[in-house]
Amino acid sequence: MSTTLKEILTRRPVAATIRLTVPAGGAKPAPPVGPALGQYRLNLMAFCKDFNARTQKYKPDSPMAVTITAFTDNTFEFIVKSPSVTWYLKKAAGVENGSSRPGHVTASTITLKHVYEIAKIKQSDPFCQYMSLESISKSIIGTANSMGIKVQKELD
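Residues numbered from 1 in each chain as written. Predicted model: local features only at pLDDT ≥ 70, side-chain atom pairs only at ≥ 80, totals over all residues. Heavy atoms only, no water.

So, about helix α5 (residues 112-122). Residues spaced three or four apart along an α-helix point in a common direction, a consequence of the helix completing one turn every 3.6 residues. Listing the buried residues of α5 in full gives Val115, Ile118, Ala119 and Lys122. Down the axis of α5, the smallest arc covering the buried residues is 100°, so these residues share one side. Close packing links the buried residues of α5 with α4 (85-93), β4 (108-111), α6 (133-147) and β5 (149-152). (Buried < 20%, exposed > 50% of the residue type's maximum accessible area, 1.4 Å probe, protein only. Helix = DSSP H or I, 4+ residues; strand = E, 2+ residues; numbered from the N terminus. Arc of directions from axis to C-beta. Contact = heavy atoms within 4.5 Å.)

What follows is the structure, encoded as structure tokens:
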């Protein structure tokens, strides 16, 4: 991957990389968003409006992971990831938290259909867009097993 001289000269110096978990459609200039962005003198309202517009399609209060790259000229870029696999698994299984002893105690059970639906949502993530649905599903099944959630073909 060769970079041209123009790319190197137009590259902006990064002041910080901020990682936050913000509810979908619920970014307000109050904590935790306000202090995190204000410290780097970024435009809070611009971020809140842009973030809320990008996360409209998700249910309110879905925890969205957002990575904000702050530049030294007080501008920013951000990447929004869909909620974590564990959050989706807990919602699908209807449990508050996983098993305290995974492998010994089963917290709940879900079907392969649930796993497939979660995999389809996660495929839109920037880091999973080139992965096959099968490999994402295998990863989700592994996460479910480590949480003490049993995956069955169909519920009895």
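Our next topic: the side chain of Thr67. Inspection of the secondary structure puts Thr67 in strand β2 (residues 63-71). Setting aside chain neighbours within four positions, we find Thr67 in contact with Thr17, Ile18, Arg19, Glu77, Phe78, Ile79 and Lys81.

This part is about the side chain of Thr55. The topology assignment puts Thr55 in the loop between α3 (44-54) and β2. Among the polar contacts listed, one links the side chain of Thr55 to the backbone oxygen of Phe51, at a separation of 2.9 Å. Other than its neighbours up to four places away in sequence, Thr55 contacts Ala24, Gly25, Met64 and Val80. (Polar contact = N/O pair within 3.5 Å; in protein donor to acceptor, adjacent residues only side chain to side chain.)

Turning to the sheet that holds strand β1 (residues 14-23), a few remarks are in order. Taking strand neighbours across the sheet as the criterion, the three strands line up as β1-β2-β3 in an open arrangement whose pairing is antiparallel. Both edges of this open sheet fall to β1 and β3 (76-81), since each of them pairs with a single strand only. In this sheet, neighbouring strand axes are inclined to one another by 20° on average, regardless of whether the strands run parallel or antiparallel. Its contacts with the sheet put α3 on β1, β2 and β3, and the angle it makes with β3 is roughly 30°. (Pairing = 2+ DSSP bridges. Axes fitted to C-alpha atoms, helices over the stretch in contact; angles between N-to-C directions.)

What follows covers the nonpolar core. Ranked by size, the top nonpolar core spans 33 residues in total, and within it Ile18, Phe47, Phe51, Val66, Ile68, Leu89 and Ile140 carry the most contacts. For this core, the secondary structure elements donating two or more residues are β1, α2 (33-38), α3, β2, β3, α4, α5 and α6. Excluding its chain neighbours within four sequence positions, the residues that come into contact with Phe51 are Val22, Pro23, Ala24, Gly25, Ala27, Met64, Val66, Phe78 and Val80. (Core = buried A, V, L, I, M, F, W, Y, C linked by side-chain atoms within 4.5 Å.)

What follows is about the packing of α4 against α5. At their nearest, the axes of α4 and α5 sit 11 Å apart, and the two run at 145° to each other. Note that α4 runs across α5; the crossing there is right-handed. Residues Val85, Tyr88, Leu89 and Ala92 of α4 lie in contact with α5, whose contacting residues are His114, Ile118, Ile121 and Lys122. In terms of residue class, the contact of α4 with α5 is built from six nonpolar, one polar and one charged. (Left-handed = near helix turned anticlockwise from the far one by under 90°. Nonpolar A, V, L, I, M, F, W, Y, C, P; charged D, E, K, R; others polar.)

What follows concerns the UniProt feature "domain: Large ribosomal subunit protein uL11 C-terminal" (unreviewed entry) in the chain. The sites that UniProt annotates as "domain: Large ribosomal subunit protein uL11 C-terminal" (unreviewed entry) are residues 81-151. With 49% helix and 11% strand, residues 81-151 has its two end C-alpha atoms placed 25 Å apart. (UniProt positions renumbered as here; feature names shortened; annotations may be inferred.)

What follows is about the UniProt feature "domain: Large ribosomal subunit protein uL11 N-terminal" (unreviewed entry) in the chain. Under the UniProt annotation, "domain: Large ribosomal subunit protein uL11 N-terminal" (unreviewed entry) lies at residues 18-76. Within the segment residues 18-76, helix and strand shares are 29% and 27% respectively, and the terminal C-alpha atoms sit 10 Å apart.

Tracing the backbone through its elements, the reader meets Thr21 in strand β1. Overall, Thr21 belongs to the exposed group, its relative accessible area being 54%. A C-alpha to C-alpha distance of 18 Å links Thr21 and Asn97, two positions 76 residues apart in sequence.

Over its 15 residues, α6 extends 21 Å from the first C-alpha to the last, a length consistent with the 21 Å expected when each residue adds 1.5 Å. Among the residues of α6, Ile136, Ser137, Ile140, Ala144 and Met147 are the ones counted as buried. Buried residues along α6 cover an arc of 100° about the axis, so they all sit on one side. Of the residues in α6, the exposed ones pointing more than 90 degrees away from the buried face are Glu134 and Lys138. (Expected span 1.5 Å × (residues − 1).)

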